[in-house]
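Residues per chain, in single letters:
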Amino acid sequence: MRTPIPDYLDELMRDCAGTRGGNVADYIPELSKVDPSLLSVAVCATNGHVYSVGDDTAKFTIQSMSKPFVYAAALEEHGLKRVLEVVDVEPSGEAFNELSLDDETGRPLNPMINAGAIAVNQLINGEESPVPERVDYILDFFSRFAGRELTINHTVADSELEHVDRNLSLAHMLRSYDVIQDDAQDAVRGYVEQCSIEVDVRDLAVMAATLANGGVQPVTGERIISASVARQVQAVMASAGMYDAAGRWMTTVGIPAKSGVSGGMLGTLPGQLGLATFSPPLDGKGNSVAGARIFRRLSQDMGLHLM
Ligand code: DON
């Protein structure tokens, strides 16, 4: 006997399986090898029930969906005041890999764009941590969110590091404004390895549900971050998680969300749900085409729009 949620998710996935358009990211060569037809959806309720359909065991790198969680780690470790000295909370309205710095302070406009995430990465594990220890700290932190031991896909990380001029240039600019002190290569390595942590769609839904649940992992019951940090992170996701598509996303879908160039997308419904999708083809702004369609449907069918 099936419960209504899996039946609904099955129907939703079947309806969206034929979604056309979009291209798999190829600026990280290793990502272009993925099967573009992979598709999965997962939902985790704040009571810890997880439902998933489709290719829900397919692993992919977390990419930019790491940014809210590393921001959370920095807020937990240093408090909002210190983190705000490094990165602001304003939407940039620009693409994820634009510099988008505040004119006066040189701070990146928010932690969801690459410049902001590179700046936040170096706050982790003490501000002068060697990169491997910093990355271990992040891996352990993410594993607590997922409720299982995650690993890094070094093949993807190395592939990105061979084509990383754009992020290196962001790191050099951040150094020139004294926002980061790391050597640019180190700053980018720490950030790229954080992006290369491997997850599946169920991990993402549980991680998102931990944010939605005010910082308590709904399956293990562990409090990982404070309620105020969970709120801060979701508020920034709401205004900046979808980059230059953030305004349209918030008006049409109305769910704080974060996308990644691997094709994953996660969303949070505070107090209720963590949502996640995986489908590799991306639109021009780097967001999964089928993932966005599934989120739109979920929002409409289940009345999830926050407004
Ligand atoms: O820095 C990059 O370009 C990638 N590691 C992550 C970018 C990303 O996921 C943007 N999101 N849609």
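Residue numbers run consecutively from 1 along every chain, following the written order of its sequence. Totals for whole chains, interfaces and linings use every residue, but because this is a predicted model, local features are given only for residues with pLDDT of at least 70 and side-chain atom pairs only at 80 or more, for both listing and counting.

Draft legend 1. Region of interest: the site of the ligand. Any residue qualifies as near a molecule or strand once its backbone-derived C-beta atom lies within 6 Å of it. Taken together, the neighbourhood of the ligand is formed by 13 residues, with Gln63, Ser64, Cys195, Val261 and Gly286 sitting nearest. Three classes are used, and their members are as follows: Ala, Val, Leu, Ile, Met, Phe, Trp, Tyr, Cys and Pro are nonpolar, Asp, Glu, Lys and Arg are charged, and the others, Gly among them, are polar. For the shell around the ligand, the residue count by class is four nonpolar, eight polar and one charged. Each domain span listed reflects an automatic or database assignment of domains. Looking at the shell around the ligand, you find at least three residues from each of domain 1 (4-61 + 198-302) and domain 2 (64-195).

Draft legend 2. Structural context of the confidence of the model for the chain. In the predicted model, the chain carries a mean pLDDT of 96, and 99% of its residues have values of at least 70. Predicted as a complex, the structure gets a pTM of 0.97 and an ipTM equal to 0.99. On a scale of 0 to 100, pLDDT captures the predictor's confidence in every residue.

Draft legend 3. Fine view of the environment of Phe69. Helix and strand definitions follow DSSP, with helices as H or I runs of at least four residues and strands as E runs of at least two, each counted in order from the N terminus. Locating Phe69 in the fold gives a position in helix H2 (residues 67-86). The spatial distance from the C-alpha of Phe69 to the C-alpha of Ala25 is 22 Å, given a sequence separation of 44 residues. It is the C-beta atoms, placed from the backbone, that decide contacts: two residues are in contact if theirs lie within 7 Å. The residues touching Phe69, leaving out its near neighbours within four places in the chain, are Phe141, Phe142, Phe145 and Met207.

Draft legend 4. Here's a closer look at the domain arrangement of the chain. In terms of domains, the chain is made up of domain 1 (4-61 + 198-302) and domain 2 (64-195). With 38 residues of domain 1 at the contact, the number on the domain 2 side is 35 residues. If you list the elements that add at least two residues to the side of domain 1 that touches domain 2, you get strand S5 (197-199), helix H8 (201-212), helix H9 (227-240), strand S6 (257-259) and strand S7 (264-269). The element contributing the most residues to the side of domain 1 that touches domain 2 is H9, with seven residues. Taken together, the residues of the side of domain 1 that touches domain 2 sort by class into 20 nonpolar, eleven polar and seven charged.

Draft legend 5. Geometry of the sheet that holds strand S2 (residues 50-54). Paired strands are those between which DSSP finds at least two bridges. Across the sheet, which stays open at both edges, the five strands sit in the order S2-S1-S8-S7-S6 with antiparallel pairing between neighbours. Of all strands in the sheet, those bounded by a partner on one side alone are S2 and S6. Between one strand axis and the next, the sheet turns through 10 degrees on average, direction left out of account. Pairing of strand S1 (residues 40-45) with strand S8 (residues 273-278) involves six bridges; the strand directions are antiparallel. If you follow Val43 over to S8, its bridge partner there is Leu275. Throughout, an axis means a line fitted to C-alpha atoms (over the contacting stretch in the case of helices), and angles, computed between N-to-C directions, take values from 0 to 180 degrees. Against the sheet, helix H11 (residues 289-302) makes contact with S1, S6, S7 and S8, and its axis sits at roughly 145 degrees relative to S8, the strand it touches most.

Draft legend 6. Region of the structure containing the environment of Leu269. Following the sequence through the fold, Leu269 ends up in strand S7. The buried category is assigned to Leu269, around which 25 C-beta atoms lie within 10 Å. Taking the C-alpha atoms as reference, Leu269 lies 19 Å from Ser288; in sequence the two are 19 residues apart. Contacts of Leu269, omitting those with residues within four sequence positions, involve Ala212, Ile255 and Leu304. Exposed residues have 12 or fewer other C-beta atoms within 10 Å of their own C-beta, buried residues have 20 or more, and residues in between are partly exposed; the C-beta atoms are placed from the backbone.

Draft legend 7. Focus on helix H4 (residues 131-146). Over its 16 residues, H4 runs 22 Å from end to end, which matches the ideal 22 Å to within 8%, given 1.5 Å per residue. If you check which residues of H4 are buried, you get Val131, Arg134, Val135, Ile138, Phe141, Phe142, Phe145 and Ala146. All buried residues of H4 project into a common sector of 140 degrees when viewed along the axis, lining one side. Buried positions along H4 lie against H2, helix H7 (184-195), S5 and H8. Following H4 by one or two positions, Gly147 has its phi on the positive side, about 80 degrees. Take the number of residues in a helix, subtract one, and multiply by 1.5 Å to get its expected span. This arc is taken over the directions from the axis of the helix to the C-beta atoms.

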